[in-house]
Amino acid sequence: MSRAIIINLVRFVVLVFIQVFLLRNLALYNLPVCYPYILFLLLLPFGIPNILLFSLAFITGLSIDAFYDTPGLHAASCVILAFVRILFINITVSKEGFDNEPEPTLSVMGIRWFLAYTVTLTLVHHFFLFVIESFSLSGLQYTIGRFLASSFFTIILILISGTIFFRRKERK
Amino acid sequence: MRTLWSFINRYNAFFLFLIFEVTALIIYVKNNSYQRAEFINSASGVIGRLNTEKDQLYGYLALKEVNDSLARENAHLRGLLKSSYYIDTASKHKVTDTIYKQEYEYIIARVINNSVNQPNNYLTINKGSEQGIAKGMGVICSKGIVGKVIYVSDHFALVQSLLHKDSQFSAMLANDKEIGSIQWNDDLDPHKGILKDVSNNAQPKVGEWVVTSGYSLFPEGIPIGKVSSLHTKGGGYSLNMEVTLSVDFSKLEYVNVVDNKFGKEQEALEGQKKKDE
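Everything quoted here is computed from the prediction, not taken from an experiment.

A. Seen up close, the overall build of chain A. Secondary structure assignment for chain A yields seven helices and zero strands. Counted from the first residue to the last, chain A has its helices and strands arranged as α-α-α-α-α-α-α. A total of 172 residues make up chain A; the buried ones form 34% of that total.

B. Representation of the pairing of strand β7 (residues 168–173) of chain B. Across five bridges, β7(B) lies against strand β8 (residues 179–184) of chain B in antiparallel orientation. From the neighbouring strand, A171(B) faces β8(B), where its bridge partner is G180(B).

C. Region of interest: the packing of helix α1 (residues 2–22) of chain A against helix α3 (residues 50–68) of chain A. Residues and elements named next belong to chain A. Here α1 crosses α3 at 30°, and the two axes come no closer than 10 Å. The angle between α1 and α3 places the two elements in the roughly parallel class. Crossing handedness for the pair α1 and α3: right-handed. For the pair α1 and α3, the contacting residues are F12, V16, Q19 and V20 in the first and T60, S63, I64 and F67 in the second. Within the contact of α1 with α3, the residues separate by chemical class into five nonpolar, three polar and no charged.

D. Summary view of unusual backbone geometry. Residues and elements named next belong to chain B. Here the phi dihedral of K177 falls at roughly 55°; this positive angle occurs in a residue that is not glycine. Along the chain, K177 turns up in the loop between β7 and β8. Exposure remark for K177: the 11 C-beta atoms within 10 Å place this residue in the exposed category. Phi at D197 takes a positive value of approximately 60°, unusual for a residue other than glycine. Counting through the fold element by element, D197 comes out in strand β9 (residues 192–199). The class for D197 is partly exposed, based on 18 C-beta atoms found within 10 Å.

E. Structural view of the nonpolar core. Ranked by size, the top nonpolar core spans 43 residues in total, and within it V146(B), V210(B), V243(B) and V257(B) carry the most contacts. Setting aside residues no more than four positions away along its own chain, V243(B) makes contact with I182(B), K192(B), G193(B), I194(B), L195(B), V210(B), I224(B), G225(B), K226(B), V227(B) and S228(B). In this structure, Y37(A), F83(A), I132(A) and I158(A) belong to the second largest nonpolar core, which totals 41 residues.

F. Spatial organisation of the packing of α3(A) against helix α4 (residues 73–92) of chain A. Residue and element names in this part refer to chain A. Between α3 and α4, the least distance of the axes is 7 Å, while the angle of their chain directions is 150°. Judged on the interaxial angle alone, α4 and α3 are roughly antiparallel. The hand of the α3/α4 crossing is right-handed. Residues N50, L53, F54, A57, F58, T60, G61, L62, I64, D65 and Y68 of α3 touch α4, and the partners they reach there are L73, H74, A75, A76, S77, C78, V79, L81, A82 and I86. Broken down by class, the residue content of the contact of α3 with α4 amounts to 15 nonpolar, five polar and one charged.

G. View of the interface of chain B and chain A. Taken residue by residue, the interface counts 14 residues in chain B and 17 residues in chain A. At the level of elements, α2 (12–31) and α3 (33–61) of chain B are the ones that each hand at least two residues to the side of chain B that touches chain A. A total of eleven residues in the side of chain B that touches chain A trace back to one element, the largest contributor, which is α2(B). The class makeup of the residues in the side of chain B that touches chain A is nine nonpolar, three polar and two charged.

H. Here's a closer look at the sheet that holds β8(B). Residues and elements named next belong to chain B. Strand order in this closed barrel of six strands is β7-β8-β9-β12-β11-β10, and the pairing throughout is antiparallel. The average undirected angle you get between the axes of adjacent strands in this sheet is 40°. With three bridges joining them, strand β10 (residues 209–212) and strand β11 (residues 223–229) adopt antiparallel strand pairing. When the bridges of β11 are listed, V211 appears paired with P223.

I. Structural context of α4(A). Between the first and last C-alpha of α4(A) there are 29 Å, a value that for 20 residues agrees with the 28 Å anticipated at 1.5 Å per step. Every buried residue belonging to α4(A) is among L73(A), H74(A), A75(A), A76(A), S77(A), C78(A), V79(A), I80(A), L81(A), A82(A), F83(A) and R85(A), and all of these are buried. On its buried side, α4(A) packs onto α2 (39–42), α3 and α6 (111–134) of chain A together with α2 of chain B.

J. Fine view of α6(A). Over its 24 residues, α6(A) runs 33 Å from end to end, which matches the ideal 34 Å to within 8%, given 1.5 Å per residue. When α6(A) is considered as a whole, its buried residues turn out to be Y117(A), T118(A), L121(A), T122(A), V124(A), H125(A), H126(A), F128(A), L129(A), F130(A) and I132(A). Residues of α6(A) that are buried make contact with α2, α4 and α7 (140–164) of chain A together with α2 of chain B. Residue F135(A) follows α6(A) closely and has a positive phi angle near 60°.

K. Region of the structure containing the confidence of the model for chain B. Residues and elements named next belong to chain B. For chain B, the mean per-residue pLDDT works out to 79, and 82% of the residues sit at or above 70. Averaged pLDDT values for the elements of chain B fall to 63 in α3 and rise to 89 in β10. In the model output, the complex is listed with pTM 0.46 alongside ipTM 0.77.

L. Just the environment of G132(B), in detail. All names here are of chain B. Structurally, G132 is set in the loop between β3 (120–125) and β4 (138–141). Exposure remark for G132: the 15 C-beta atoms within 10 Å place this residue in the partly exposed category. Distance in space between the C-alpha atoms of G132 and D154 is 9.5 Å, their sequence separation being 22 residues.

Thresholds applied
- Residues numbered from 1 in each chain as written.
- Chains lettered and ligands numbered in written order.
- Predicted model: local features only at pLDDT ≥ 70, side-chain atom pairs only at ≥ 80, totals over all residues.
- Helix = DSSP H or I, 4+ residues; strand = E, 2+ residues; numbered from the N terminus.
- Buried ≥ 20, exposed ≤ 12 C-beta atoms within 10 Å, placed from the backbone.
- Pairing = 2+ DSSP bridges.
- Axes fitted to C-alpha atoms, helices over the stretch in contact; angles between N-to-C directions.
- Parallel < 35°, antiparallel > 145°, perpendicular 65-115°, else oblique.
- Left-handed = near helix turned anticlockwise from the far one by under 90°.
- Contact = placed C-beta atoms within 7 Å.
- Nonpolar A, V, L, I, M, F, W, Y, C, P; charged D, E, K, R; others polar.
- Core = buried A, V, L, I, M, F, W, Y, C linked by C-beta atoms within 7 Å.
- Expected span 1.5 Å × (residues − 1).
- pLDDT = per-residue confidence, 0-100.

Structure below.
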């Protein structure tokens, strides 16, 4: 339990730091930006209580917002992401099948599940992020292009990080 | 209650989602001017009108305080005006009459108190002995004679206006130089004076100017008024005529006090003659 807390705390700090100090300045041809900090929310353990999950999502979003000067934007997107995460896990994973507080990592869950999981949640998060950000139907083409390109960018980064920390022996 | 609680508990994810999402969106909308503007735009139909109504109501209720503060501010600003300061330095200008070698000095003063509808009228001017005004000096304005100074304090002087029972100044007809004396008419009309004691030789015409003679406090030729009627009672050995005064005494603002530099000498000389007799 305490190990999980420490791991997640470290992950949170590292991801937020990378996000706000490195990736903030990174945009391909000024169109796609990437938000791989949501990996922290994706990798929270299965057994986490809903209220804790929502609180963490909210706090994560707000900390990103604090650096991006968009108070509430990332928080709203992250809360939506947390909600979709609960739905997705409820549908695809039976809780009884796990003990020892496992995490939904690539090494634990396998590439198919993890890919579907990442793509769904990233798309939802980015979609709401860009829609709330633009807040209007004007420039819809630009918004959708930005959303798709950024989602692709983020998913690639998340998969890369998943393979970097891949541990074969955990594979079921 | 229990059913409700279990219902909420079963779908707690959704309710938690609602709570957090709404919070985040509130934070977002409150902190971003663009989204706030969009919100207000879309809601301006109702909320905008409500706000306007409320504003009007509050503005109406606050009228009294606004009035008070405006009045206070007015009083304060009025205190800062130039006119509320006493101007200590009198501006004088000198006229040198080269023919008679007589020097007159004029002291500009402002009328601060005035009356025209009493049997005896006085006006107060804002210059006094400190500015060189002395008892007995003549007072004129741009349109004609006004009166003479009768009392002087340090900063003020009281002027006995021409509209006074006892006022009498030496005057003459402008064209044939016939001497008379100007007085206020008996009927207390502030626009009418009477020119008395003009010699029978004079041939005055209606509309002729009556000016000062130079024998009294004033320089020669200061306008007094125009002859308006030749048929006045009295007379006998001399002619009396009605004069429409050129000065509107009810509208006096600035006057010049005439300082006759040789007036004292003249007075002293004439007084000596009287003593000798």
